[in-house]
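An overview of the molecular structure
Residue-level listing of the chains:
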Amino acid sequence: MRKAQKEQALELIRLLGQVHEGIKRAIEKGLYESAQELLAQCQESAINLGETIEETEGEGFVTVTLLEGYCETVYELYALLGQGQSMNAGRAYKNLRKSLIQVENSIKNDMKVRTEAVFLPYKASMWDSLESVWKAADEDPDCDAYVIPIPYYTKNPDGSFREEHYEGDLYPDYVPVTSYKDYDFEHHRPDMIFIHNPYDECNYLTSVHPFFYSKNLKQYTDQLVYIPYFILGEIEPDNKEAVEGMAHFCTNPAVLYADKVIVQSEKMRQIYVDVLTEFSKTTSADRAYWDGKILGLGSPKVDKVLSTRKENVEVPKEWQKVIEKPDGSWKKIILYNTSVTGLLQNSERMLVKMNYALGVFRDNAGEVALLWRPHPLIRATIEAMRPQLWEEYEGIVKEYCEAGWGIYDDTPDMDRAIALCDAYYGDHSSLVRLCQEAGKPVMIQDVEILG
């Protein structure tokens, strides 16, 4: 039985106890018909409660048996009142109360609470930010865990929605997916909802469906938990310039509306608390509030990277052709990552840099296998915010893929790329920290250097 259902059952028991008081008073005044009406209401409520418990706990459950005994007590009293016999109100009340207490104790002690946890990823490539938490919930015998991928939209320059995207078919085979169309949030009212999209309507490029904005989801659960889909480079809390550069991450809608926010480290927790305390000076939210809300428990993305082993990764045949040397040994694999921020900040210069970098790797393809993995939102970014770059960018990608000397990875499985690579080259992004956690050397590309 769910926690909310158990609480409702105990609330009904409390109300029945109040009705018993009314029955006692009616008997004392000789108002037997009134007492019978109240007894009939008790009987109906007890039957409905028994049916609800049977649905969750099964037939023959001990609480249902005790409810049946309570109903017999109610019926016997009802029948005696119908005969018009003189009755001791105190004794009648005591019998009802004794039977009801047995039901109440059984609800408290025999009915185990089940937790319902819902996970709402939107892009399959970002599922790793929730996966280890989902696994823990799924392995808990007292928890029902649902993975419900949600639709999202790319946006037009004016902010209106353009295309709907749904990636429910891109999750690993071991992840059971529930359609968002089949899950009734109002009916289920899950104990916990986990999200990794922080923006609500505030992202210029994409938006999840408005129903799944954090400010709306909050009404359907007592515990809305936000875990960032990204991981940031670690900085010191007293580095004011660095903190100012990432402070916008701390005040996104999901951070403000969630009941708990889980960040990657204790230092990052301190930064969030400092920024939010300053941000909320004009509200009732003080430092103690943010201290209790922001938890530095670590990022599930790191859990996923560290649990993904190179020897367990399935390498596509097309990739093997690029990776293997004629003698069967493997080339060094370089993970090349191009980011949204890099393109937005550098535009045409970034395209020049990409062409140059690809040329260098092409010239060394005999010893090095390039695994190019662009940010999953890079196309939506260019189309929405730098549409004049799209044709040239698309041409670079097409030429690279057709040449066949390197790997182009636009799949949702980022962790496979990290496990396979020997080193990282590219822009600043979440992949930098993850590669460092995995012990891979990192080199950041400089758009100004072409030689």
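Preceding this paragraph is the structure being described.
Residues numbered from 1 in each chain as written. Predicted model: local features only at pLDDT ≥ 70, side-chain atom pairs only at ≥ 80, totals over all residues. Heavy atoms only, no water.

**Here we look at the overall build of the protein**
Each helix and strand in the protein was counted, giving 19 helices and 14 strands. Over its C-alpha trace the protein gives a radius of gyration of 30 Å, far above what one expects of a compact globule, namely 22 Å for 451 residues. C-alpha atoms of the protein, sized along the principal axes, occupy 105 × 55 × 40 Å. Taking all 451 residues of the protein together, 48% fall into the buried category. Within the protein, contacts between residues separated by at least 24 positions form 75% of all contacts whose residues are at least 6 apart in sequence. Here the protein has roughly 22600 Å² of accessible surface; of this, 49% comes from carbon and sulfur atoms. Each charge class in the protein was averaged separately, 48 positive and 73 negative side chains, and the resulting centres sit 4 Å apart. (Helix = DSSP H or I, 4+ residues; strand = E, 2+ residues; numbered from the N terminus. Rg over C-alpha atoms; globule rule 2.2 N^0.38 Å. Buried < 20%, exposed > 50% of the residue type's maximum accessible area, 1.4 Å probe, protein only. Contact = heavy atoms within 4.5 Å. Areas by Shrake-Rupley, 256 points an atom, 1.4 Å probe, with all protein chains shown as cover. Lys, Arg positive; Asp, Glu negative; His and termini not counted. Charge placed at Lys NZ, Arg CZ, Asp CG, Glu CD.)

**Let's talk about the nonpolar core**
Generally speaking, nonpolar side chains in soluble globular proteins are found buried as a group. Core analysis: the biggest nonpolar cluster contains 46 residues, and Leu120, Phe185, Met246 and Tyr272 have the highest contact counts within it. Listed by contribution, the elements that provide at least two residues to this core are strand E1 (115–120), strand E5 (192–195), strand E7 (224–226), helix H8 (240–246), helix H9 (253–257) and helix H10 (266–279). Per element, the largest residue contribution to this core is 6 residues, and it comes from H10. With near-sequence residues (within four places) excluded, Met246 lies in contact with Leu232, Ile235, Met268, Ile271 and Tyr272. (Core = buried A, V, L, I, M, F, W, Y, C linked by side-chain atoms within 4.5 Å.)

**Quick look at the layout of surface pockets**
Of the volumes computed, that of the largest pocket is approximately 1400 Å³. Phe249, Ser339, Thr341, His428 and Ser429 are, among the 50 residues lining the largest pocket, the residues nearest its centre. Of all the elements in the fold, those that place two or more residues in the lining of the largest pocket are H8, helix H14 (340–346), strand E11 (368–374), helix H16 (378–385) and helix H19 (430–437). No other element matches the 6 residues that H14 contributes to the lining of the largest pocket. Along the lines of polarity and charge, the residues of the lining of the largest pocket split into 26 nonpolar, 19 polar and 5 charged. Empty space within the second largest pocket amounts to approximately 620 Å³. (1 Å grid on protein atoms, 1.4 Å probe; cavity = no way out; pocket = protein on both sides within 12 Å on 5 of 7 lines; lining within 4 Å. Points joined across faces, edges and corners; volume = space filled by probe spheres on them. Nonpolar A, V, L, I, M, F, W, Y, C, P; charged D, E, K, R; others polar.)

**Notes on a negative patch on the surface**
Taken together, the side chains of Glu51, Glu54, Glu55, Glu59, Glu68, Glu72 and Glu76 define an acidic patch exposed on the protein surface. Elements supplying a minimum of two residues to the negative patch: helix H2 (32–57) and helix H3 (62–82). Since its relative accessible area comes to 32%, Glu54 is described here as partly exposed. (Patch = residues over 30% accessible without salt bridge, like charges linked within 9 Å, V, L, I, M, F, W, Y side chains within 5 Å. Salt bridge = Lys/Arg side-chain N within 4 Å of Asp/Glu carboxyl O.)

**Concerning the sheet that holds strand E6 (residues 206–208)**
Taken together, 3 strands build an open sheet; the order of strands is E4-E3-E6 and the sheet is antiparallel. Unpaired on one side and paired on the other, strand E4 (161–165) and E6 mark the two borders of the sheet. With strand direction ignored, the average angle separating the axes of adjacent strands in the sheet is 30°. Bridging between strand E3 (residues 152–155) and E4 involves 3 bridges; their strand directions are antiparallel. Note on E4: the bridge partner recorded for Lys155 is Phe161. (Pairing = 2+ DSSP bridges. Axes fitted to C-alpha atoms, helices over the stretch in contact; angles between N-to-C directions.)

**Quick notes on empty space enclosed by the protein**
Per the stated rule, a full pass over the model turns up 1 cavity of 30 Å³ or more. Pro228, Phe230, Ile262, Val263 and Gln264 are the residues nearest the centre of the largest cavity, which is lined by 13 residues in total. When the residues that make up the lining of the largest cavity are grouped by side-chain class, the tally is 10 nonpolar, 3 polar and no charged.

**Considering the sheet that holds strand E8 (residues 260–262)**
Strand order across the open sheet formed by 6 strands is E2-E1-E5-E7-E8-E9, with parallel pairing between neighbours. In this open sheet, the two strands that pair with only one neighbour each are strand E2 (143–147) and strand E9 (294–295). With 2 bridges connecting them, E7 and E8 associate as parallel partners. Residue pairing in the sheet places Tyr226 in a bridge with Val261 of E8. Along the sheet, helix H5 (residues 131–139) contacts E1, E2 and E5; its crossing angle with E2, the most-contacted strand, is approximately 140°.

**Side note on the packing of aromatic side chains**
According to the stated counting rule, one finds 27 aromatic pairs in the structure shown. Taken together, Tyr146, Tyr166, Tyr180, Tyr183, Phe185, Phe211, Phe212 and Tyr220 form an aromatic cluster joined through their ring pairs. The positively charged end of Lys24 is found above the aromatic ring belonging to Tyr93, 5.2 Å away from the centroid. (Phe/Tyr/Trp six-rings, centres within 6.5 Å; stacked < 30°, edge-to-face > 60°. Lys NZ or Arg CZ within 6 Å of the ring centre and 35° of its normal.)

**Focus: the pairing of E2**
Side-chain alternation along E2 places Cys143, Ala145 and Val147 on a buried face and Asp144 and Tyr146 on a face that remains uncovered. Here E1 runs beside E2; their pairing, made up of 5 bridges, is parallel. Counted as the bridge partner of Phe119 is Val147 from E2.

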